[in-house]
Amino acid sequence: MKFVIHPPIDEERLAKIVEAAGPMTVANAADDAAALREIVDAEAFFGKMTPGLLAAATRLQWVQSLTASLEHYMFPELVEHPCRLTNMRGLYSDVIACQVFGYMVCFARNLHHYIRRQGEARWEAVGGEAGRTGIATGPVVQSVVDRAHTHLADAALGIVGLGEIGLEVARYGVAFRMRVSAVDAVQKPPPEGIEALWPIERLPDLLAESDFVVLAVPHTPETVKMFRRGQFQQMKQTAYFINIGRGATVDLADLTAALEAGEIAGAALDVFDIEPLPSSNPLWKMENVIITPHVAGSAPRIAERHLEVLLENVRRFSQGEELKNVVNKAKWC
């Protein structure tokens, strides 16, 4: 059996792959021409598959994607080909969940406002006088209702897409004692601590009851512009929208209009349909919007996790075992 790699990788990783491959021949193709020659009789491939490479392959059984997302990887011939395709899902779940809760804590505690005020040396609380305790001095205890801050343990978290990332966000929500519910195209018993897992048709119900809505679906043919003006209008006016999935799943003009109209309280966005987000986009200047430059999946351990998945699948393929992360090519996920 033969395993082809293209683009080529460094010698350190290559040595580990050769070890995992056992009896398989490993070809680290240096250029397009070499890849085209080597793939003719190869059973397995890792890297960027192209229509030309696929057409030249005569024995291909398995393709390992470089990435978790597949919207830039898929093409019709690959969908129709009988080979199995695996991706890199599962590498980023805890990292992205941390980012999500970073956003949520910012919104709950108004840190996004206080960070801006720090630059102005401005000692002023959001929603009231700075330094108050909520209890007046003297013999009478006064009750002060603070509506400017959110207690996460009293809040409802709604997750759209309960895959690897959505499930980890749900676990964090349970740890924060939030009421967690989700919608997903795949129905299964809800994991422990999640109050409800509904079919995607129940999305309006999820939006209506959630204080934080987290969009965690991949970019697939079914999820393009999944969130438009109507979805934002179904949310509470006090709710926050968070997108750490893919930019194509949200109509950004509709989100902007919803924010400008006060239909939702704010948004945190790590992904956009056009990246970088143009400097002229009005979202940059909205104080109730947090923008990060597609970094939710960035962390020191991602590279080693990436290699671990690859090595495990190489080992499994060489020994005829079931592969990890097999995807539905027609659905891109």
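Asks: Honestly, the overall build of the chain in this entry has me stumped. Any pointers?
Replies: Along the chain, the regular secondary structure elements total 11 helices and 12 strands. Counting all 333 residues of the chain, 47% fall into the buried class. Across the chain, every contact between residues at least 6 apart in sequence was considered, and the portion connecting residues at least 24 apart equals 59%. For the chain, the computed accessible surface area is about 16600 Å², with 54% contributed by carbon and sulfur atoms. The chain carries 32 positive and 41 negative side-chain charges, and their two centres are separated by 2 Å.

Asks: Explain the packing of aromatic side chains here, please?
Replies: The geometry of an aromatic ring pair comes down to the distance between the two centres and the angle between the two planes. Enumeration over the complete set of coordinates arrives at 9 aromatic pairs. A ring pair is formed by F227 and F232, whose centres lie 5.8 Å apart and whose planes are at 55 degrees; its orientation type is tilted. By relative accessible area, which is 0% here, F232 ends up buried. Judged by centre distance (5.1 Å) and plane angle (35 degrees), the rings of F227 and F241 are tilted. Here F241 lies in strand β10 (residues 240-243) and F227 lies in the loop between β9 (212-215) and α9 (229-233), a separation of 14 residues in the sequence. Assessed through its relative accessible area of 0%, F227 is described here as buried. One aromatic cluster is present, built from ring pairs that chain together F3, W62 and F317. Positioned above the aromatic ring of W198, the side-chain terminus of R202 is 4.2 Å from the ring centre.

Asks: I tried to follow the layout of surface pockets on my own but got confused; where do I start?
Replies: The gaps left among the atoms become clear once a water-sized probe is rolled over them. Here the largest pocket defines a volume of roughly 1200 Å³. Of all elements in the fold, only α5 (93-109) and α7 (164-175) reach the threshold of two or more residues within the lining of the largest pocket. Considering each element in turn, the lining of the largest pocket owes the most residues, 3 residues, to α7. Per-class residue counts for the lining of the largest pocket are 22 nonpolar, 15 polar and 9 charged. The computed volume of the second largest pocket comes to approximately 230 Å³. Lining the second largest pocket are 15 residues, with R147, H149, T150, T238 and Y240 positioned closest to its centre. The residue makeup of the lining of the second largest pocket, split by class, is 7 nonpolar, 5 polar and 3 charged.

Asks: How do you make sense of the sheet that holds strand β7 (residues 179-183) when you look at a structure like this?
Replies: Adjacent strands of a sheet form backbone hydrogen bonds with each other and so pair up, either parallel or antiparallel. If you trace the 7 strands from one edge of the open sheet to the other, you get β8-β7-β6-β9-β10-β11-β12, paired in parallel fashion. Edge strands, defined here as strands with exactly one partner in the open sheet, are β8 (196-198) and β12 (289-291). Neighbour-to-neighbour, the strand axes of the sheet open up by a mean angle of 15 degrees, direction not taken into account. The sheet contact formed by strand β11 (residues 266-269) and β12 spans 3 bridges and is parallel. Pairing of A267 across the sheet is with V289, part of β12. Strands β6 (156-160), β9, β10, β11 and β12 of the sheet are contacted by α5, whose axis makes an angle of about 155 degrees with β11.

Asks: What is the right way to read the side chain of N325 from this model?
Replies: Turning to its location among the elements, N325 is positioned in the segment after α11 (302-318). Residue N325 is classed as buried on the basis of its relative accessible area, which comes to 12%. Of the polar contacts made by the side chain of N325, one reaches the backbone oxygen of N87; its length is 3.0 Å. Those residues in contact with N325, other than ones at most four positions away along the chain, are L85, T86, N87, M88, R89 and V309.

Asks: What exactly am I supposed to notice about the packing of α5 against helix α6 (residues 111-118) here?
Replies: A pair of packed helices can be characterised by two numbers: the angle between their axes and the separation between those axes. Two elements in contact, α5 and α6, have axes separated by 6 Å at closest approach and are oriented at 75 degrees. Relative to α6, the element α5 lies roughly perpendicular. Along the contact surface, α5 presents V105, C106, F107 and R109, while α6 presents L111, H112 and Y114. Taken together, the residues of the contact of α5 with α6 break down into 5 nonpolar, 1 polar and 1 charged.

Asks: What am I meant to see in the pairing of β9 here?
Replies: Successive side chains on a regular strand alternate, one facing one side of the sheet and the next facing the other. Side chains of β9 alternate between two faces, with F212 and V214 and V213 and L215 buried alike. Sheet topology note: the β6/β9 ladder contains 4 bridges and is parallel. Residue pairing for β9: G158 is matched across the bridge by V213. As judged from the 4 bridges shared by β9 and β10, these two strands associate in the parallel manner. What sits directly across from V214, in β10, is I242.

What counts as what
- Residues numbered from 1 in each chain as written.
- Predicted model: local features only at pLDDT ≥ 70, side-chain atom pairs only at ≥ 80, totals over all residues.
- Heavy atoms only, no water.
- Helix = DSSP H or I, 4+ residues; strand = E, 2+ residues; numbered from the N terminus.
- Buried < 20%, exposed > 50% of the residue type's maximum accessible area, 1.4 Å probe, protein only.
- Contact = heavy atoms within 4.5 Å.
- Areas by Shrake-Rupley, 256 points an atom, 1.4 Å probe, with all protein chains shown as cover.
- Lys, Arg positive; Asp, Glu negative; His and termini not counted.
- Charge placed at Lys NZ, Arg CZ, Asp CG, Glu CD.
- Phe/Tyr/Trp six-rings, centres within 6.5 Å; stacked < 30°, edge-to-face > 60°.
- Lys NZ or Arg CZ within 6 Å of the ring centre and 35° of its normal.
- 1 Å grid on protein atoms, 1.4 Å probe; cavity = no way out; pocket = protein on both sides within 12 Å on 5 of 7 lines; lining within 4 Å.
- Points joined across faces, edges and corners; volume = space filled by probe spheres on them.
- Nonpolar A, V, L, I, M, F, W, Y, C, P; charged D, E, K, R; others polar.
- Pairing = 2+ DSSP bridges.
- Axes fitted to C-alpha atoms, helices over the stretch in contact; angles between N-to-C directions.
- Polar contact = N/O pair within 3.5 Å; in protein donor to acceptor, adjacent residues only side chain to side chain.
- Parallel < 35°, antiparallel > 145°, perpendicular 65-115°, else oblique.

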